[in-house]
Amino acid sequence: MAILEVTENKARQREIISYITNNDLPHNELKELQRELNQLMNRNTEEKKKDYWNKTIKRFIGNKQWNDITVAEFVEIRQAGVPGDAIADYFKIARSTIFNFTQRNKEEYHRRFNTGIYHKSKEFWND
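The present account deals with the structure reproduced in this document.

**Digging into the overall build of the protein chain**
Helix and strand content of the protein chain: 7 helices and 0 strands. Reading the secondary structure of the protein chain in the N-to-C direction produces α-α-α-α-α-α-α. Taking 2.2 N^0.38 as the reference for a compact globule, 127 residues should give roughly 14 Å; the C-alpha atoms of the protein chain span a radius of gyration of 20 Å, well beyond that estimate. Taking the principal axes of its C-alpha atoms as reference, the protein chain extends roughly 60 × 30 × 25 Å. Out of the 127 residues in the protein chain, the part that is buried amounts to 31%. Pairs at least 24 apart in sequence give 67% of the contacts found in the protein chain among residues at least 6 apart. If you sum the accessible surface of the protein chain, you get close to 8700 Å²; carbon and sulfur atoms cover 49% of it. Distance from the positive charge centre (22 side chains) to the negative charge centre (19 side chains) of the protein chain: 5 Å.

Written out as structure tokens, the structure is:
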């Protein structure tokens, strides 16, 4: 979602909220507007997540390509709360490539990876 789309999304959210609060609406129309508002808010949150994850990945690896990252860097990215799907999307690789990487480097990966830190980082987006 481009910046313009986010701006339009926010503008539509404000428009719906204003319309709902300033009008006495029939139940069906109110439900439909609330559904649209929820969809807009969810889309906006998803875009914020993607942006955060991409910036987080870049912070840990700079301009490196997938084949150049180390297990330590991969673990740091994961422990920052970035899901495997987002890593695959960032590098434009298949999700199975992520799985194969962790399997190929299983011992080092499991030695370095702390599930508690990962879950704590993920909670940021689940609140």
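**Some thoughts on the packing of helix α2 (residues 27–61) against helix α3 (residues 71–79)**
Look at α2 against α3: their axes get within 10 Å of each other, and the N-to-C directions meet at 150°. One way to sum up the angle between α2 and α3 is to call them roughly antiparallel. Crossing handedness for the pair α2 and α3: right-handed. Of the residues in α3, those in contact with Ile57, Phe60 and Ile61 of α2 are Glu73, Glu76 and Ile77. Class assignment for the residues of the contact of α2 with α3 results in 4 nonpolar, no polar and 2 charged.

Rules of the game
Residues numbered from 1 in each chain as written. Predicted model: local features only at pLDDT ≥ 70, side-chain atom pairs only at ≥ 80, totals over all residues. Heavy atoms only, no water. Helix = DSSP H or I, 4+ residues; strand = E, 2+ residues; numbered from the N terminus. Rg over C-alpha atoms; globule rule 2.2 N^0.38 Å. Buried < 20%, exposed > 50% of the residue type's maximum accessible area, 1.4 Å probe, protein only. Contact = heavy atoms within 4.5 Å. Areas by Shrake-Rupley, 256 points an atom, 1.4 Å probe, with all protein chains shown as cover. Lys, Arg positive; Asp, Glu negative; His and termini not counted. Charge placed at Lys NZ, Arg CZ, Asp CG, Glu CD. Axes fitted to C-alpha atoms, helices over the stretch in contact; angles between N-to-C directions. Parallel < 35°, antiparallel > 145°, perpendicular 65-115°, else oblique. Left-handed = near helix turned anticlockwise from the far one by under 90°. Nonpolar A, V, L, I, M, F, W, Y, C, P; charged D, E, K, R; others polar.

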